[in-house]
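One-letter residues, chain by chain:
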Amino acid sequence: MAELQQRGALHYHVAVWLPKRIQLPKFDKQGWWPHGMTQRVIAKNAVGYLMKYLSKISPFHKFPRGVRIHGFGGLTQQARSICSWLNLPYWCKQLYGVGDLQTVKGRRVVRETGEILAPMYQRVFHPAGMRLYPNGEIPERWADGPYSSIDRFTSEAAP
């Protein structure tokens, strides 16, 4: 998770869950983080520790353009695909299963065909704000559920 110091310098907080008696080496000493020093803290409540820093963020914080403000790792390909699918807009999840879409430069692309999907809504700005208008018929949810194509990942992994 990214945090801006009062002087405007950016630094990160990382939570790593490890079994007891295993100690993680310092990232800078291993060459994993060449951008400065690292510090280790054993947190009895890691979520509370990170939330403390998250609560410091105000609407006046201006992160530099293109900075990564959060991330996570350690997932299998199947778990990464599920996380990506869960972050898609609702209308994409109605039409496509896990792994069917990828995001390229902010646009949704169908993996199989390369088709670029049009946005579901058109934004129209008014003096009082913004309104969204559907670009077409809003699809109903398919009966076979959101994980309809997840069997593709398990069948590839099977010998």
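For the structure, see preceding data.
Read on for an overview of the structure. (Residues numbered from 1 in each chain as written. Predicted model: local features only at pLDDT ≥ 70, side-chain atom pairs only at ≥ 80, totals over all residues. Heavy atoms only, no water.)

## Here's the deal with the overall build of the chain
If you tally the helices and strands in the chain, you get 5 helices and 6 strands. Listed by position from the N terminus, the elements making up the chain come as β-β-α-α-α-α-β-β-β-β-α. With 159 residues in all, the chain has 18% of them scored as buried. A fraction of 40% describes how many contacts in the chain between residues 6 or more apart in sequence connect residues 24 or more apart. When the accessible area of the chain is evaluated, it comes to approximately 13,100 Å², of which 56% is carbon and sulfur surface. (Helix = DSSP H or I, 4+ residues; strand = E, 2+ residues; numbered from the N terminus. Buried < 20%, exposed > 50% of the residue type's maximum accessible area, 1.4 Å probe, protein only. Contact = heavy atoms within 4.5 Å. Areas by Shrake-Rupley, 256 points an atom, 1.4 Å probe, with all protein chains shown as cover.)

## Observations regarding the environment of glycine 8
Within the element layout of this structure, glycine 8 appears in the loop between strand S1 (2-4) and strand S2 (10-12). Given the relative accessible area of 46%, glycine 8 is considered partly exposed. Considered as a pair, glycine 8 and phenylalanine 63 are 55 residues apart in the sequence and their alpha carbons are 8.7 Å apart.

## Concerning unusual backbone geometry
The residue arginine 21 is not glycine, and still its phi comes out positive at about 75°. For arginine 21, the location among the structural elements is in the loop between S2 and helix H1 (27-30). Judged by its relative accessible area of 87%, arginine 21 is exposed.

## Let's talk about the nonpolar core
Within soluble globular proteins, side chains that are nonpolar tend to cluster in buried spots. Ranked by size, the top nonpolar core spans 10 residues in total: Trp85, Leu88, Trp91, Cys92, Tyr96, Val98, Leu101, Val110, Leu117 and Met120. Here cysteine 92 is in contact with Leu101 and Arg108, once residues within four sequence places are set aside. (Core = buried A, V, L, I, M, F, W, Y, C linked by side-chain atoms within 4.5 Å.)

## Regarding the environment of tyrosine 121
When you line up the elements, tyrosine 121 lands in strand S5 (residues 121-126). Take tyrosine 121: its relative accessible area is 35%, and that puts it in the partly exposed class.

## Overview of the pairing of strand S6 (residues 129-134)
Side-chain direction in a regular strand flips from residue to residue, so the side chains alternate between the two faces of the sheet. Note that S5 and S6 share 6 bridges and pair antiparallel. Looking across to S6, one finds that phenylalanine 125 is bridged to methionine 130. Counting the residues that bridge the hairpin from S5 to S6 gives 2 residues. (Pairing = 2+ DSSP bridges.)

## Brief notes about the layout of surface pockets
Empty space left among the atoms is revealed by rolling a probe the size of a water molecule over them. Counted as a void, the largest pocket has a volume near 1,300 Å³. Along its surface, the largest pocket is lined by 33 residues, and Val14, Ala15, Gln39, Arg40 and Val41 are the ones closest to its centre. Looking at the lining of the largest pocket, the elements that each hand over two or more residues are S2 and helix H2 (46-54). Taken as a whole, the second largest pocket spans an internal volume of roughly 550 Å³. For the second largest pocket, the lining is made up of 14 residues, of which Met1, His70, Gly71, Phe72 and Gly73 are closest to its centre. Here the residues of the lining of the second largest pocket sort into 7 nonpolar, 6 polar and 1 charged. (1 Å grid on protein atoms, 1.4 Å probe; cavity = no way out; pocket = protein on both sides within 12 Å on 5 of 7 lines; lining within 4 Å. Points joined across faces, edges and corners; volume = space filled by probe spheres on them. Nonpolar A, V, L, I, M, F, W, Y, C, P; charged D, E, K, R; others polar.)

## Some thoughts on a nonpolar patch on the surface
Together, Leu10, Tyr12, Val14, Val16, Leu18, Ile22, Trp32 and Trp33 give the surface a local cluster of nonpolar side chains, amounting to about 730 Å² of exposed area. With respect to the helices, strands and loops of the structure, valine 16 is situated in the loop between S2 and H1. With a relative accessible area of 44%, valine 16 lands in the partly exposed category. (Patch = residues over 30% accessible without salt bridge, like charges linked within 9 Å, V, L, I, M, F, W, Y side chains within 5 Å. Salt bridge = Lys/Arg side-chain N within 4 Å of Asp/Glu carboxyl O.)

## Re the side chain of lysine 93
The topology assignment puts lysine 93 in helix H4 (residues 90-95). Although lysine 93 is buried, it makes no salt bridge; aspartate 100 carries the closest opposite charge, 14 Å away. Within the structure, lysine 93 has its side chain in polar contact with the backbone oxygen of leucine 86 (distance 3.2 Å). Those residues in contact with lysine 93, other than ones at most four positions away along the chain, are Trp85, Leu86 and Leu88. (Lys, Arg positive; Asp, Glu negative; His and termini not counted. Polar contact = N/O pair within 3.5 Å; in protein donor to acceptor, adjacent residues only side chain to side chain.)

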